[in-house]
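Observations on the three-dimensional arrangement
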Amino acid sequence: MTVDLSELVFADTSLMLDLAMLARRLRTQGLAILLRGAQPQIRMLIELVGLHRLPGVSLEGPAAVVA
């Protein structure tokens, strides 16, 4: 399953939890989730909470740049 985050400009930890739960449900069915098009601030949050390291979760695109 692909989740297009390209138009998302704000997210908080509740969305990260929802995505983690979705990934868990998909994983039990042998499926995975691809997070695509995350804006830099969203990508940084995904990486900060470690969502991209969960089994069955892939994050497309370059790593967030921390200045």
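Conventions we followed
Residues numbered from 1 in each chain as written. Predicted model: local features only at pLDDT ≥ 70, side-chain atom pairs only at ≥ 80, totals over all residues. Heavy atoms only, no water. Buried < 20%, exposed > 50% of the residue type's maximum accessible area, 1.4 Å probe, protein only. Helix = DSSP H or I, 4+ residues; strand = E, 2+ residues; numbered from the N terminus. Right-handed = clockwise from strand over helix to strand, strands pointing away. Pairing = 2+ DSSP bridges. Expected span 1.5 Å × (residues − 1). Arc of directions from axis to C-beta. Contact = heavy atoms within 4.5 Å. Axes fitted to C-alpha atoms, helices over the stretch in contact; angles between N-to-C directions.

So, the pairing of strand β2 (residues 33-36)
- Residues I33 and L35 point to one face of β2 and are all buried, whereas L34 and R36, pointing to the other face, are not buried.
- Once the chain exits strand β1 (residues 2-4) it traverses helix α1 (residues 13-28) before rejoining the sheet at β2, and the crossover so formed is right-handed.
- Two elements, β2 and strand β3 (residues 57-59), share 3 bridges in a ladder whose sense is parallel. Paired with L35 across the bridge in β3 is L59.
- Handedness of the crossover joining β2 and β3 through helix α2 (residues 40-49): right-handed.

Brief notes about α1
- In a regular helix each residue adds 1.5 Å, so 16 residues correspond to 22 Å; α1 covers 23 Å between its end C-alpha atoms and thus fits that length.
- Here α1 has its buried residues at M16, L19, A20, A23 and L26. The buried side chains of α1 occupy one side of the element, clustering within an arc of 125° when seen end-on. Among the exposed residues of α1, those pointing more than 90 degrees away from its buried face are L17, D18, R24, R25 and T28.
- Those residues of α1 hidden inside the fold are in contact with β2, α2 and β3.
- With its phi angle positive at about 80°, G30 sits one or two positions after the end of α1.

Describing the sheet that holds β1
- With respect to topology, 3 strands assemble into an open sheet ordered β1-β2-β3, the strand pairing being parallel. Looking at which strands have only one partner, the edges of the open sheet turn out to be β1 and β3. In this sheet, neighbouring strand axes are inclined to one another by 20° on average, regardless of whether the strands run parallel or antiparallel.
- Judged from the 3 bridges that link them, β1 and β2 form a sheet pairing that is parallel. Note on β2: the bridge partner recorded for D4 is R36.
- Sitting on the sheet, α1 touches β2 and β3, and the angle it makes with β2 is about 145°.

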